[in-house]
Each structure stands twice: as structure tokens, then as C-alpha cells.
Amino acid sequence: GREARPAAGAPCTPEASAEQPEAKPNPAVADASSKPKPVTAVASKDDGADPAEEAYDAGYQLWKSGKYEAAIGALRAFSSAYPNHRRTSWANNLAGRAMLDKGEARAAAEALLANYRANPKGERAADSLFYLGQSLMKLDQPSQACKAYAELEAVYGSTMRDDLKKLLPAAKSEAKCRA
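Residues numbered from 1 in each chain as written. Predicted model: local features only at pLDDT ≥ 70, side-chain atom pairs only at ≥ 80, totals over all residues. Heavy atoms only, no water.

Engineer: Could you clarify how one ought to interpret the packing of aromatic side chains in this entry?
Structural biologist: Note on aromatic pairs: each is described by the distance of the centres and the angle between the planes. Counted under the stated rule, the structure contains eight aromatic pairs. A connected cluster of aromatic rings, assembled from ring pairs, spans Tyr56, Tyr60, Trp63, Phe78, Tyr82 and Trp90. Sitting above the plane of the tryptophan 90 ring, arginine 87 keeps its charged end 4.1 Å from the centroid. One cation-aromatic arrangement involves arginine 97 over tyrosine 131; the distance from NZ or CZ to the ring centre is 4.1 Å. (Phe/Tyr/Trp six-rings, centres within 6.5 Å; stacked < 30°, edge-to-face > 60°. Lys NZ or Arg CZ within 6 Å of the ring centre and 35° of its normal.)

Here it is as C-alpha cells:
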């Protein structure tokens, strides 16, 4: 080819590097295929930062700031790039929660159920069951929500994270679950 190939992570447009040599990419607008940059202002303590952790954190920060569509894209890209990473359970769960927060309850329910079924031992599988119940409530399916909550208790009972244990009674009450 006539042009030199840009370095990994460099902009693909040749004029961008010529016109703005000092420009730094904005992580909020970088597309999901570019190398994720940490969005947090806190500097990493160790020089060998895990690119997978940084990629997950970028998606988390997008979700936290209400940029749900961008978060879903970043989290799905993470899961695709790192299918066996411990954070994959987290990323798939958070993508489902972003869909729920965005008002897409059916897509959220499908994503959350898939995360639970694909990796029931994943660190956020229990959360996926809880938010599956929340999604089903948005879909006006309280009896199905109760089934999700019952499975959550049956499968994860004493191992459930404390914040889920605190949220569950109100969620079951809202769904009018028996016992």
C-alpha cells in the first residue's frame, strides 16, 4: 500500500494525525472497536494494568453515567473479547441492567436469563436472576418474576450478596409472591 499502517489504537483517518498531533481521543466518544481507555480519573497503582479490567470498567462507567447504549456496546464488546474472564458474568449482567434502565425490559430479560443460564456459577449470575425478576415486573408478569426470585433463593440462598438479600423481600412483596 501507499500509506504506512497506523499504530494500534491510532485513528484510521490519516488527516487526523496530521492536523491534530496533540489531540487525545475522548473515551466517551471512542467507538467500541477501538482499544478501550480507562474512564476513571484514578491512576492505576500497578504498571501492569489488566486491559480486560480496564475494558470492563469503561463499560461500567458508561452505564453509571447513564450512557446506556454506549455501555451495552462496550460491555458486549468486552464479553466477545474476553469470553472466559471472571468479569464476563459482570459485563453480561450489566448489559442486561443497562437495557432495563433504558426501558427495554424484554431485551433485558433475555440477556439476564442468558447470562444466568450460560454461567450459573458466574459472580453476577444471582444478580441476573434478581434483575430478570425486575424485568418481568416491567413486562407485567409478576408470576414469572416470582419464579425468578424463588430460583434465586433456591440456588443462591445463603451465598447471595448482602445487597441482593436486602432488595429481595421488597421485590417479592411487589410481585405478590407467596411465602
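Engineer: Would you mind going over the nonpolar core with me for this structure?
Structural biologist: Grouped burial of nonpolar side chains is what soluble globular proteins tend to show. In terms of nonpolar packing, the biggest core is built from 43 residues, with Phe130, Tyr149, Leu152 and Tyr156 touching the most fellow members. Among the secondary structure elements, those contributing two or more residues to this core are α2 (51-64), α3 (68-81), α4 (88-101), α5 (105-118), α6 (125-138), α7 (142-156) and α8 (162-175). In terms of residues, this core owes the most to one element, α6, which gives eight residues. Among residues more than four places away in sequence, those in contact with leucine 152 are Ala126, Leu129, Phe130, Gly157, Met160 and Leu168. (Core = buried A, V, L, I, M, F, W, Y, C linked by side-chain atoms within 4.5 Å. Buried < 20%, exposed > 50% of the residue type's maximum accessible area, 1.4 Å probe, protein only. Helix = DSSP H or I, 4+ residues; strand = E, 2+ residues; numbered from the N terminus. Contact = heavy atoms within 4.5 Å.)

Engineer: Got a minute to help me understand α4 in this structure?
Structural biologist: Counting along an α-helix, one turn takes 3.6 residues, and residues three or four places apart therefore face a common direction. The terminal C-alpha atoms of α4 lie 20 Å apart, and with 14 residues this matches the ideal 20 Å at 1.5 Å per residue to within 8%. α4 sits mainly inside the fold: eleven of its 14 residues count as buried. Among the residues of α4, those classed as buried are Thr88, Ser89, Trp90, Ala91, Asn93, Leu94, Ala95, Gly96, Ala98, Met99 and Leu100. Where α4 is buried, its residues touch α2, α3, α5 and α6. Two residues or fewer past α4, glycine 103 is found with a positive phi of approximately 95 degrees. (Expected span 1.5 Å × (residues − 1).)

Engineer: Teacher, can you tell me more about the side chain of aspartate 127 here?
Structural biologist: By the element assignment, aspartate 127 lies in helix α6. At 2.2 Å, the side chain of aspartate 127 and the side chain of arginine 161 are in polar contact. Discounting residues that sit within four places of it in the chain, aspartate 127 has contacts with Asn93, Arg161 and Leu164. (Polar contact = N/O pair within 3.5 Å; in protein donor to acceptor, adjacent residues only side chain to side chain.)

Engineer: Honestly, the state of the cysteines in this entry has me stumped. Any pointers?
Structural biologist: As used in these notes, a disulfide is a covalent bond between sulfur atoms, one from each of two cysteines. The tally for this structure, following the rule as stated, stands at one disulfide. There is a disulfide in this structure between cysteine 146 and cysteine 177, and the S-S distance comes to 2.0 Å. The S-S bond linking cysteine 146 to cysteine 177 shows a torsion near -100 degrees; that makes this disulfide left-handed. Of this pair, cysteine 146 sits in helix α7 while cysteine 177 is found in the segment after α8, placing the two residues 31 residues apart along the sequence. Considered together, cysteine 146 and cysteine 177 belong to a single accessibility category, that of buried residues. (Disulfide = S-S within 2.5 Å.)

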